[in-house]
Amino acid sequence: MTVTTPLVAGNWKMNTTVEEGVKLAEAVRLGTEGLKGVEVAVLPPFTHLRPVYDEIGHSHVQLGAQDVFWETKGAFTGEVSPLMLAGWCEHALVGHSERRHILGETDREVGRKLAAALAAGLHGILAVGELEEERFAGEWVTVIDRQLHSALEFLPQPPTPGQYVIAYEPCWAIGTGRTATPEQAHEVCAHIKAWLTERTGAAPRVLYGGSVTPDNAASLFAETAIDGALVGGASLRAEQFTAIVTAAAPGARVG
Ligand code: PGA
């Protein structure tokens, strides 16, 4: 019997000034203070990480970066090394669908990023998810399996559940207001867990992401395969994000 503590992470994307970001982080810290049975994280833009760290660094709110490069140093103008984040920043998100589909990141690049993040001791948040046409074509299993397979390919050994989480984010649900139904989200999250258990011996937590709001959070968290959320738009409003974290809080489920 295991107890899974859910994780709710706010992906701010390319939003807020540094000053607004620090205020938002403070509001998240105050709003979620004292909540038991849930982990909370914010993923501000790179420019905000250090000032936000100064605001929340010694609190219960964890800090993460929205991306990371696969090399540790060198002539890679504009990139950020995992070693620059390690030791004070806990999480590194890799493979977000906006990076895959707007910036053209490949499965291979995502895999290299995950490997570099884990090697530096960062906790990885690996995002996977199918496009709308892939879902309509009944291909989500193929897409998710391919993304998982290539993400693990560059790791020297199978990751342990404590080293990373998966964020299942169907592309058609991100920023669209069209949340996956709890049943749809559960089906894919359960599949991801089974796939990873078979290949690595154990499954990490699996989060759902895609138009999560205070209104739909509880029904998503009620699904046993969903261990939290990666929240975009609603994470920019401290009260909404706090409400989502609160919805996950009684969910230190026994299962
Ligand atoms: P959303 O974004 O909550 O605005 O849909 C989620 C994400 O992209 O992580």
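Presented here is an overview of the structure given in this document. The structure displayed is predicted, hence computed values, not measured ones. (Residues numbered from 1 in each chain as written. Predicted model: local features only at pLDDT ≥ 70, side-chain atom pairs only at ≥ 80, totals over all residues. Heavy atoms only, no water.)

Brief notes about the overall build of the protein chain
Consideration 1: Along its length, the protein chain carries 10 helices and 10 strands.
Consideration 2: For a compact globule of 255 residues, the expected C-alpha radius of gyration is about 18 Å, and the protein chain comes in at 17 Å, within 12% of that figure.
Consideration 3: In terms of overall dimensions, the protein chain has C-alpha extents of about 45 × 45 × 35 Å along its principal axes.
Consideration 4: When burial is assessed residue by residue, the protein chain has 52% of its 255 residues classed as buried.
Consideration 5: In the protein chain, 73% of the contacts between residues at least 6 apart in sequence involve partners at least 24 apart.
Consideration 6: When the accessible surface of the protein chain is split by element, carbon and sulfur atoms take 54% of a total near 11100 Å².
Consideration 7: Side chains of the protein chain carry 19 positive and 30 negative charges; the gap between the two charge centres is 3 Å. (Helix = DSSP H or I, 4+ residues; strand = E, 2+ residues; numbered from the N terminus. Rg over C-alpha atoms; globule rule 2.2 N^0.38 Å. Buried < 20%, exposed > 50% of the residue type's maximum accessible area, 1.4 Å probe, protein only. Contact = heavy atoms within 4.5 Å. Areas by Shrake-Rupley, 256 points an atom, 1.4 Å probe, with all protein chains shown as cover. Lys, Arg positive; Asp, Glu negative; His and termini not counted. Charge placed at Lys NZ, Arg CZ, Asp CG, Glu CD.)

Brief notes about the site of the ligand
Consideration 1: Inspection of the region around the ligand gives 13 residues, with Lys13, His96, Glu169, Gly175 and Ser211 positioned closest.
Consideration 2: Take histidine 96: an N or O atom from its side chain is 2.6 Å from an oxygen atom of the ligand.
Consideration 3: At 2.8 Å from an oxygen atom of the ligand is found a main-chain nitrogen or oxygen belonging to glycine 233.
Consideration 4: When isolated, the ligand has an accessible area of 280 Å², and the protein chains bury 95% of it. (Near = heavy atom within 4 Å. Polar contact = N/O pair within 3.5 Å; in protein donor to acceptor, adjacent residues only side chain to side chain.)

A few points about the packing of aromatic side chains
Consideration 1: Summed over all chains, the structure comprises four aromatic pairs.
Consideration 2: Across from the ring centre of tryptophan 88, 4.5 Å away, lies the NZ or CZ of arginine 50, which sits over that ring. (Phe/Tyr/Trp six-rings, centres within 6.5 Å; stacked < 30°, edge-to-face > 60°. Lys NZ or Arg CZ within 6 Å of the ring centre and 35° of its normal.)

Describing the environment of lysine 193
Consideration 1: Along the chain, lysine 193 turns up in helix α8 (residues 182-200).
Consideration 2: For lysine 193, a relative accessible area of 18% puts it in the buried group.
Consideration 3: When the C-alpha atoms of lysine 193 and glycine 78 are compared, they prove to be 35 Å apart, with 115 residues separating the residues in sequence.
Consideration 4: When sequence neighbours within four positions are dropped, the list of residues in contact with lysine 193 reads Ala203, Pro204, Val206, Thr224, Ala225 and Asp227.

Looking at the pattern of salt bridges
Consideration 1: This structure, assessed with the given rule, holds 15 salt bridges.
Consideration 2: Here lysine 113 makes a salt bridge to glutamate 105, at a shortest N to O gap of 2.6 Å. Each member of the pair, lysine 113 together with glutamate 105, is buried.
Consideration 3: Taking the shortest distance from any N to any O, the salt bridge between aspartate 107 and arginine 146 comes out at 2.6 Å. Pair noted here: aspartate 107 is in helix α5 (residues 107-119) and arginine 146 is in helix α7 (residues 140-152), with a separation of 39 residues, a long-range link.
Consideration 4: The partly exposed category is assigned to arginine 146, whose relative accessible area is 42%. (Salt bridge = Lys/Arg side-chain N within 4 Å of Asp/Glu carboxyl O.)

Considerations on helix α2 (residues 49-56)
Consideration 1: Regarding α2, the residues found buried are Leu49, Val52, Tyr53 and Ile56. For α2, the angular spread of buried residues about the axis comes to 105°, placing them on one side.
Consideration 2: Buried residues along α2 sit in contact with α1 (18-32), β3 (39-43), β4 (61-65) and α3 (82-85). (Arc of directions from axis to C-beta.)

Quick word on the packing of α7 against α8
Consideration 1: Packing of α7 against α8 brings their axes to within 11 Å, and their N-to-C directions diverge by 40°. When the axis of α7 is compared with that of α8, the two are oblique. The interaxial crossing formed by α7 with α8 has right-handed handedness. Facing α7, whose interface residues are Trp140, Val141, Ile144, Asp145, Leu148, His149 and Leu152, α8 presents Glu187, Val188, His191, Ile192, Trp195, Leu196 and Thr200.
Consideration 2: Here the residues of the contact of α7 with α8 sort into nine nonpolar, three polar and two charged. (Axes fitted to C-alpha atoms, helices over the stretch in contact; angles between N-to-C directions. Parallel < 35°, antiparallel > 145°, perpendicular 65-115°, else oblique. Left-handed = near helix turned anticlockwise from the far one by under 90°. Nonpolar A, V, L, I, M, F, W, Y, C, P; charged D, E, K, R; others polar.)

Overview of the pairing of strand β7 (residues 164-168)
Consideration 1: Extensive coverage of β7 is indicated by the burial of five of its five residues.
Consideration 2: What you see with β7 is no split at all: Tyr164, Ile166 and Tyr168 on one side and Val165 and Ala167 on the other are buried throughout.
Consideration 3: Relative to β7, strand β6 (residues 123-128) runs parallel, the two being bridged by five bridges. Bridging from a neighbouring strand, isoleucine 125 pairs with valine 165 of β7.
Consideration 4: The pairing of β7 with strand β8 (residues 206-209) spans three bridges and is classified as parallel. The partner of isoleucine 166 across the bridge, within β8, is valine 206.
Consideration 5: Remark: the β7/α8/β8 crossover connection has right-handed handedness. (Pairing = 2+ DSSP bridges. Right-handed = clockwise from strand over helix to strand, strands pointing away.)

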